[in-house]
Amino acid sequence: MKKVAFYTLGCKLNFSETSTISRQFEEKGFLKVDFQENPDIFIINTCSVTENADKKCKKIVKEAKKISPDSYVAIIGCYAQLKPTEISEIEGVDAVLGAAEKFRLHELLGDFAKEQEAKVLASEITEARTFNNAYSINDRTRTFLKVQDGCNYGCAFCTIPLARGKSRSNTIESVLASAREIAATDVKEIVLTGVNIGDFGIVDGKRNERFADLVYALDEVEGIDRFRISSIEPNLLTNEIIEFTATSKRFVPHFHIPLQSGSNTILRKMGRRYLRELYEDRVSKIKTLMPQACIGVDVIVGFPGETDELFLETYNFLNELNISYLHVFTYSERANTRAAEMDGVVPMKKRNERSKMLRILSEKKRRKFYEENLGKTFTVLFEEDVENGKMHGFTENYIRVAAKYDPMLINELKVVQLDQINEAGNVEVLEPEMVYERH
Ligand code: SF4
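Calculation notes
- Position labels on residues start from 1 in each chain and follow its written sequence.
- The predicted origin of the model limits local features to residues at a pLDDT of at least 70 and limits the giving and counting of side-chain atom pairs to 80 or more, whereas totals for whole chains, interfaces and linings rest on all residues.
- Each side-chain value is worked out from all heavy atoms of the structure, with water and hydrogens disregarded.
- Numbered from the N terminus, helices here are DSSP runs of H or I no shorter than four residues, and strands are runs of E no shorter than two.
- Polar contacts, as used here, are pairs of N or O atoms within 3.5 Å; protein pairs need one atom able to donate a hydrogen and one able to accept it. Residues neighboring in sequence count only if both atoms are side-chain atoms.
- Should any heavy atoms of two residues lie within 4.5 Å, those residues are considered in contact.
- At least two bridges found by DSSP between two strands is the condition for calling them paired.
- Axis definition: a line fit to C-alpha positions, over the contact stretch in the case of helices; interaxial angles, taken between N-to-C directions, run 0 to 180 degrees.
- Here, nonpolar core refers to any group of buried Ala, Val, Leu, Ile, Met, Phe, Trp, Tyr and Cys residues whose side-chain atoms link them within 4.5 Å.
- With a 1.4 Å probe rolled over the protein chains alone, any residue whose accessible area is under 20% of its type maximum counts as buried; one over 50% counts as exposed, and the rest are partly exposed.
- Convention used here: angles under 35 degrees read as roughly parallel, angles over 145 as roughly antiparallel, angles from 65 to 115 as roughly perpendicular, and any remaining angle as oblique.
- The crossing is said to be left-handed when, going from far helix to near helix, the turn is anticlockwise and less than a right angle, and right-handed when the turn is clockwise.
- Basically, the charged four are Asp, Glu, Lys and Arg, the nonpolar ten are Ala, Val, Leu, Ile, Met, Phe, Trp, Tyr, Cys and Pro, and anything else, Gly included, counts as polar.
- UniProt positions are given in the numbering used here, feature names are shortened, and annotations may be inferred rather than shown by experiment.
- The quantity known as pLDDT measures the predictor's confidence residue by residue, on a range of 0 to 100.
- Orient the strands so they point away from the viewer, and a crossover whose first-strand-to-second-strand path over the helix runs clockwise is right-handed.
- Here a pair means two rings of Phe, Tyr or Trp (six-membered ring of Trp) with centres within 6.5 Å. Their orientation is stacked below 30 degrees between planes, edge-to-face above 60, and tilted elsewhere.
- If even one non-hydrogen atom of a residue comes within 4 Å of a molecule or strand, that residue is called near it.

Chemist: Looking at this structure, I do not really get the side chain of S136. What am I missing?
Modeler: Locating S136 in the fold gives a position in the loop between β7 (134–135) and β8 (142–146). Separated by 2.9 Å, the side chain of S136 and the backbone nitrogen of F144 make a polar contact. Ignoring anything within four residues of it in the chain, the contact list for S136 reads F15, S16, S19, R23, T143 and F144.

The structure is reproduced here in structure tokens:
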């Protein structure tokens, strides 16, 4: 039995895809092992957004060859699509597969026999037109279910459309079938994943279905307790979706909405499809209907042309906004993007300073959000990890809680009362039993 190991860089989408590819291997009779367990084959799923993608890729290949010098190493993923030739020249790489090829490893690489030269099988990104269904099964608690891939937007800083291609989706019927399959494995929460999930519904270049209808249909799936919409563009987060979430028992009140900049000047330069006023309106709509909702925000600092004044516009905008946490990205130039050619380059030192300011703001926002919810009752889905006698889990509105370890609670949804914030920044809960007695 040949042994295969996987390594994934990047986002939830990559994780869901690696997981599906690993199941393909298991179905073909391979044994999935950990990276250090002398695999015969390594599959490395790369990311183009990660800082120093090339160095990381080299490092992992080197590590793989140290562990199993005679192993077969295949590189897939966004970075493989963008730079196939460079990657094929890395010592130890046997094959590089692009976006249109990565789900066809067995068909294209046969028995994974090593050859003199590395194989490069990466067609033009325009060839990546089919949707490949994928979901992750990493632990029993939560699954990332891919419902959409690619993007038709052309934000000035972004390489994802070059690495993943045009927007395309699964069908509602097929997503429902996957959700039912997942429900049968006892997973309690599904995180809907995609590049631009609000754009769900395009099949073969034609819009056939709507994201809102997918949400309605999933809400009826028996056996899944929670659905989380991972990240959705503000212009696609409609009142219809927000209003439905407010009444749904399964779609949780947690939204992650990319803002990228709080300055309209920068938003226009980025080619984003909304202005800050629309963003403000989305946040206010959510908070009016669901005061306890968690709202996460992606923001990029140091985009070309971001002067001190324009950065302050972003800072002040976020400071005033009723949001719960930030994911801060320091802008870095990416080849073949419009932004890389723009004037007004912000010195790296400034980018880092701005990033630090927003990270501090994020901590303040998170703490305030947690504090507002202390004393209230929520449902926590407890996870498997144990740290110093404590186990963790998330509430429906994405508050990370810590509770005394109890193996009976793993993968269980329990009603708890939030008590206080501990040193690690998690929220301690009153003993679940104590809450039950009160209910
Ligand atoms: S919406 Fe913009 S940032 Fe997001 S994937 Fe599409 S092009 Fe990239």
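Chemist: Help me understand the sheet that holds strand β21 (residues 413–421) in this model?
Modeler: The strand order β18-β19-β20-β22-β21 describes a closed barrel built from 5 strands, whose pairing is mixed. Pairwise comparison of adjacent strand axes, ignoring direction, gives a mean angle of 50 degrees for this sheet. Where strand β18 (residues 377–387) lies against β21, 5 bridges are found, and the strand directions are antiparallel. Bridge pairing links V380 to K414 in β21. Those strands touched by helix α13 (residues 348–373) are β18, β20 (400–404), β21 and β22 (427–429), and its axis lies near 115 degrees from that of β21.

Chemist: Could you clarify how one ought to interpret the nonpolar core in this entry?
Modeler: Here is a general trend for soluble globular proteins: nonpolar side chains tend to be buried in one another's company. Core analysis: the largest hydrophobic core is formed by 56 residues, its most contacted members being L192, F211, L218, I286, L318 and L358. Ranked by residues supplied to this core, first place goes to helix α7 (residues 172–184) with 6 residues. In contact with L192, other than residues within four places in its own chain, are L145, V147, I197, F211, L218, F227, R228, I229, S230 and F251. Counting residues in each nonpolar core, the second largest holds 20 residues, with L9, F35, F42 and A80 among its members.

Chemist: Any chance you could explain the packing of helix α8 (residues 211–218) against helix α9 (residues 239–247) here in plain terms?
Modeler: Helix-helix packing is described using two parameters, namely the angle between the two axes and the distance between the axes. Viewed as axis vectors pointing N to C, α8 and α9 meet at an angle of 15 degrees, and their least axial separation amounts to 9 Å. In terms of orientation, α8 and α9 fall into the roughly parallel class. Relative to α9, α8 is oriented so that their crossing is left-handed. For the pair α8 and α9, the contacting residues are F211, A212, V215 and Y216 in the first and E240, I241 and F244 in the second. Per-class residue counts for the contact of α8 with α9 are 6 nonpolar, no polar and 1 charged.

Chemist: I keep staring at the UniProt feature "domain: MTTase N-terminal" (unreviewed entry) in the protein chain and nothing clicks. Help me out?
Modeler: Under the present numbering, the feature "domain: MTTase N-terminal" (unreviewed entry) in UniProt falls on residues 2–114. End C-alpha to end C-alpha, residues 2–114 measures 14 Å, and it is 41% helix and 20% strand.

Chemist: Help me out: how do you make sense of the confidence of the model for the protein chain in this one?
Modeler: Reading fine detail from the predicted coordinates is not recommended where pLDDT is low. With 97% of its residues at a pLDDT of at least 70, the protein chain reaches an overall mean of 94. Low confidence marks residues 434–439, where pLDDT is under 50. Its contacts with residues over four positions away, or in another chain, come to 10 contacts.

Chemist: How do you make sense of the pairing of strand β4 (residues 72–77) when you look at a structure like this?
Modeler: In summary, the side chains of a regular strand alternate between the two faces of the sheet. The element β4 is extensively covered by neighbouring structure, given that 6 of its 6 residues are classed as buried. Residues Y72, A74 and I76 point to one face of β4 and V73, I75 and G77 to the other, with burial holding for every one of them. Pairing between strand β3 (residues 41–46) and β4: 6 bridges, direction parallel. Among the inter-strand pairings, N45 is bridged to a residue of β4, identified as I76. In this view, the connection linking β3 to its parallel neighbour β4 by way of helix α2 (residues 53–67) has right-handed handedness. Bridging between β4 and strand β5 (residues 95–97) involves 2 bridges; their strand directions are parallel. Note that in β5 the partner of A74 across the bridge is A95.

Chemist: In this structure, what is going on with the packing of aromatic side chains? I would like to understand it.
Modeler: Each aromatic ring pair is summarised here by two numbers: the centre-to-centre distance and the angle between the ring planes. Scanning all chains against the criterion turns up 15 aromatic pairs. Judged by centre distance (6.1 Å) and plane angle (85 degrees), the ring pair of F30 and F112 falls under edge-to-face. Residue F30 is located in the loop between α1 (12–27) and β2 (31–32), and its partner F112 is located in the loop between α5 (105–109) and β6 (119–121); the two are separated by 82 residues in the primary sequence. Since its relative accessible area comes to 14%, F30 is described here as buried. Judged by its relative accessible area of 4%, F112 falls in the buried class.

Chemist: I would appreciate a short explanation of the side chain of R164 in the present structure.
Modeler: Take R164: it is sitting in helix α6 (residues 160–164). Residue R164 is classed as buried on the basis of its relative accessible area of 3%. A polar contact of 2.9 Å, which involves the side chain of R164, links it to the side chain of E17. The contacts of R164, once residues within four sequence positions are left out, are L13, N14, E17, C78, K102, I125, A128, D149, G150 and V195.

Chemist: Where do I start with the environment of F303 in this structure?
Modeler: Of note, F303 is situated in the loop between β16 (294–301) and α12 (308–320). Classification of F303 by relative accessible area gives buried; the value is 0%. F303 sits 42 residues away from S261 along the chain, and the two C-alpha atoms are 8.9 Å apart. What F303 contacts, discounting residues up to four positions off in sequence, is A156, F157, I266, K269, M270, Y331, A339, M342 and V346.

Chemist: Help me understand the site of the ligand in this model?
Modeler: The full set of residues close to the ligand is C151, Y153, C155, F157, C158, P161, V195, E233 and R272. Across the shell around the ligand, the residue classes break down as 7 nonpolar, no polar and 2 charged.

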